[in-house]
Amino acid sequence: MENAQNASQAQPARGTANQARITASVYSSHVPAIGAAIDLGKTGEPYWQPLFAGFEPTKQWMRENLPDVVFLVYNDHATNFDLSVIPTFAIGTAAEFEPADEGYGPRPVPKVMGHPELASHIAQSVIQQDFDLTIVNELKVDHGLTVPMNLMFGSPAQWPCRVIPLHVNVVQYPVPSGRRCFALGQAIRRAIESFDEPLKVQIWGTGGMSHQLQGPRAGLINREWDNRFLDRLIADPADLAEMPHIEYVREAGSEGIELVMWLIARGAMADVAGGPAPRLAHRFFHVPASNTAVGHLILEN
Ligand code: DHB
Ligand code: FE
């Protein structure tokens, strides 16, 4: 890719022992009803038990592979941003992020601690690599961010690491293409791995899988397509990134377009830059959770 080559010339080479590195990418749906099940103490109920069981290996893996920072790609659901301002990509550079009130009060989860120094470095580097990030110094985070935090870490009194939120507009058209998201992930990897502090950083992609919340096709779930998406994300993400947005919407429902965010996390993995293929540490798929198919992967660098 021409872009990537030009950009990498503008960036220092990666990978001394004193620089930050991406240790893994993690992918997960972010259904708000999962948050409600946690907050209302319903995780052991028959409807929810199989879903939470699928994240038990994850919580164990997280304890063994705790990062210093999670770079968390998610979408705001007209909570912090609304139709008055629609940033395509927005990075949270604040020291902390309060859980948002989504209409029934803020979720009873700890506030999310940011990493302003690394976030500012990423903003500088990624913007100089020709991606227009909106810089957000005040941001309230909704279920798109807090539900994956609970799925990976459970419900601790304080979150065990810092978080840099990256919001992607997948709510109001026009939305960014999978190709652009995949290229952005590559720029983010170069940014993180040129930060002069030996931080362990995970990158998470959230949202999806198939779901449609309104209109005549409300309730749409497409298990075959979702599982094929997981296969391709693992094995051939560059090809998957060429998929046009209309296929997401047709096959995975209007909200299935959230899956383009997974390509940002996947683009940040070492193999995309010529390194070894990632190791699949965990794969899980479950239907139903509210109106959504839940998919989850852990890929280690
Ligand atoms: C549902 C799923 C989502 O991803 C979302 O943002 C809102 C609702 C649902 O399945 O109910
Ligand atoms: Fe969503």
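See the structure printed just above.
Read on for a plain summary of the structure. Note that the coordinates shown come from a computational prediction; the quantities given were computed from them, not determined experimentally.

## Let's talk about the coordination of the iron ion (ligand 2)
1) Next: Note on the iron ion (ligand 2): its protein donors are H30 (NE2), H77 (NE2) and E258 (OE). The metal-donor distances range over 2.0 to 2.2 Å.
2) Next: Donor residues binding the iron ion (ligand 2) come from one chain and are separated in sequence as H-x46-H-x180-E. Residue H30 is located in the loop between β1 (21-28) and α2 (32-39), and its partner E258 is located in the loop between α10 (245-252) and α11 (260-267); the two are separated by 228 residues in the primary sequence.
3) Next: Exposure remark for E258: the relative accessible area of 4% places this residue in the buried category.

## Side note on the site of ligand 1
1) Next: As a structural note, the neighbourhood of ligand 1 is formed by H30, V31, P32, H77, H143, H211, L213, E258, S290, N291 and T292.
2) Next: One of the side-chain N or O atoms of S290 is found 2.7 Å from an oxygen atom in ligand 1.
3) Next: One of the backbone N or O atoms of N291 is found 3.1 Å from an oxygen atom in ligand 1.

## As for the pairing of strand β2 (residues 69-74)
1) Next: The buried fraction of β2 amounts to six of the six residues, a majority that puts the element mostly inside the structure.
2) Next: As defined by bridge partners, β2 adjoins strand β7 (residues 162-168) across six bridges and the pair is classed as parallel. Of the residues in β7, the one forming a bridge with V73 is L166.
3) Next: For β2 and strand β8 (residues 200-206), the ladder comprises five bridges, and the chain directions are parallel. Bridge pairing in β8 links V70 to Q202.

So, how was this worked out
Residues numbered from 1 in each chain as written. Chains lettered and ligands numbered in written order. Predicted model: local features only at pLDDT ≥ 70, side-chain atom pairs only at ≥ 80, totals over all residues. Heavy atoms only, no water. Donors = N, O, S within 2.8 Å, 3.2 Å for Na, K, Ca; no water. Helix = DSSP H or I, 4+ residues; strand = E, 2+ residues; numbered from the N terminus. Buried < 20%, exposed > 50% of the residue type's maximum accessible area, 1.4 Å probe, protein only. Near = heavy atom within 4 Å. Polar contact = N/O pair within 3.5 Å; in protein donor to acceptor, adjacent residues only side chain to side chain. Pairing = 2+ DSSP bridges.

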